[in-house]
Amino acid sequence: MTNIKIAPSILTADFTKLDEEIQSVLDAGADYIHVDVMDGQFVPNISFGVPIVESIRRAFPEAFLDVHLMIVQPGHFVEAFCKAGASHITLHLESDTPERIAEALAAARDLGMRTGLSIKPATPAEALEPWLEGLDMVLVMTVEPGFGAQPFMFDQMPKISAIRARLDQVNPSCDIEVDGGIKPDTAPIAIRAGANVLVAGSAVFGHDDRAGIIRTLRGE
Ligand code: DX5
Ligand code: ZN
């Protein structure tokens, strides 16, 4: 059986006690800490940036920091997020020209980070075709990026299956992460479609029994 990883998104954590929030999900068995960076341009919301990643890295030297950049021209910030301590960086295919996306991904790899490429709900699977071979992860959005706690978009499942089928041919070790609306009822659907890394914001941080919810999401 596939090994499912759970990546709690700190977007819905209580920022006044972020260290306790992160510690609690790590203790509860979270595999990654998902960090949603938003610039108010690529998405209609602003979250946080480089200093938050720096602080988290200082407090949690061993944590896997899965940084999801929802910002325009992400290449300008790849080095800063790497220096701040990102383990993995995901850019949006829609956030710049193909040339600059390629440069940004190459820069991230040269700096030793794992790389991912994300697509919004309206972007078809085929758009990823030229990129699949070099990636560590594909991130399929199951909500319009920008906010936590939105309803899961079931219509994205065929896209996940199509991407998984192509990855199995050209880059079998590449992960598929799914982000948005993941809850106990939607997690198994995303897993069946082919996702193996699940981002969950409100489902995890809105729940007192974090170990219990993480086990449930993982399908245990
Ligand atoms: C949305 C973010 C998500 C979000 C998920 O733009 O990328 O990571 O925090 O939140 P939930 O799990 O609450 O839908
Ligand atoms: Zn995200």
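Residues numbered from 1 in each chain as written. Chains lettered and ligands numbered in written order. Predicted model: local features only at pLDDT ≥ 70, side-chain atom pairs only at ≥ 80, totals over all residues. Heavy atoms only, no water.

**A few points about the pairing of strand 3 (residues 65-70)**
Here's step 1: A large share of strand 3 lies buried, amounting to six of its six residues.
Here's step 2: Pairing of strand 2 (residues 33-38) with strand 3 involves six bridges; the strand directions are parallel. Among the inter-strand pairings, Ile33 is bridged to a residue of strand 3, identified as Leu65.
Here's step 3: Regarding the hand of the β-α-β motif, the stretch spanning strand 2, helix 2 (residues 50-59) and strand 3 is right-handed.
Here's step 4: As defined by bridge partners, strand 3 adjoins strand 4 (residues 88-92) across three bridges and the pair is classed as parallel. (Buried < 20%, exposed > 50% of the residue type's maximum accessible area, 1.4 Å probe, protein only. Helix = DSSP H or I, 4+ residues; strand = E, 2+ residues; numbered from the N terminus. Pairing = 2+ DSSP bridges. Right-handed = clockwise from strand over helix to strand, strands pointing away.)

**A short note on the site of ligand 1**
Here's step 1: Near ligand 1, the surroundings consist of 20 residues, among which Asp36, Gly146, Asp179, Gly201 and Ser202 are the closest.
Here's step 2: Backbone polar atom of Gly181 to an oxygen atom of ligand 1: 2.8 Å apart, as the coordinates give it.
Here's step 3: The side chain of Ser202 places a nitrogen or oxygen atom 2.6 Å from an oxygen atom of ligand 1.
Here's step 4: If ligand 1 stood free it would expose 380 Å²; the protein chains cover 100% of that surface.
Here's step 5: Spatially, ligand 1 is embedded in the largest cavity.
Here's step 6: Elements supplying a minimum of two residues to the shell around ligand 1: strand 2, strand 3 and strand 8 (197-200).
Here's step 7: Here the shell around ligand 1 gets three residues from one element, more than from any other, and that element is strand 2. (Near = heavy atom within 4 Å. Polar contact = N/O pair within 3.5 Å; in protein donor to acceptor, adjacent residues only side chain to side chain. Areas by Shrake-Rupley, 256 points an atom, 1.4 Å probe, with all protein chains shown as cover. 1 Å grid on protein atoms, 1.4 Å probe; cavity = no way out; pocket = protein on both sides within 12 Å on 5 of 7 lines; lining within 4 Å. Sits in = over half its atoms within 2 Å of the grid points.)

**Observations regarding the coordination of the zinc ion (ligand 2)**
Here's step 1: Bound to the zinc ion (ligand 2) are the protein donor atoms His34 (NE2), Asp36 (OD), His68 (ND1) and Asp179 (OD), situated 2.0 to 2.3 Å from the metal.
Here's step 2: One way to put it: the six donor atoms around the zinc ion (ligand 2) meet at angles of 64 to 164°, and that makes the site irregular.
Here's step 3: Each donor residue of the zinc ion (ligand 2) lies on the same chain, and together they follow the pattern H-x1-D-x31-H-x110-D. (Donors = N, O, S within 2.8 Å, 3.2 Å for Na, K, Ca; no water. Tetrahedral: all angles 85-135°; square planar, octahedral: opposite > 155°, others 65-115°.)

**What to know about the environment of Val35**
Here's step 1: Residue position: Val35 is located in strand 2.
Here's step 2: Among all residues touching Val35, those that are not within four sequence positions of it are Ile10, Phe48, Val53, Asp66, Val67 and His68. (Contact = heavy atoms within 4.5 Å.)

**Looking at helix 1 (residues 18-27)**
Here's step 1: All buried positions along helix 1 are accounted for by Leu18, Glu21, Ile22 and Val25. All buried residues of helix 1 fall inside an arc of 95° around its axis, so they share one side. Along helix 1, the residues that are exposed and aim more than 90 degrees away from the buried face are Glu20 and Asp27.
Here's step 2: Residues of helix 1 that are buried in the fold lie against strand 1 (5-8), strand 2, helix 2, helix 7 (202-205) and helix 8 (210-218).
Here's step 3: Gly29 occupies a position one or two residues after helix 1 and carries a positive phi of about 105°. (Arc of directions from axis to C-beta.)

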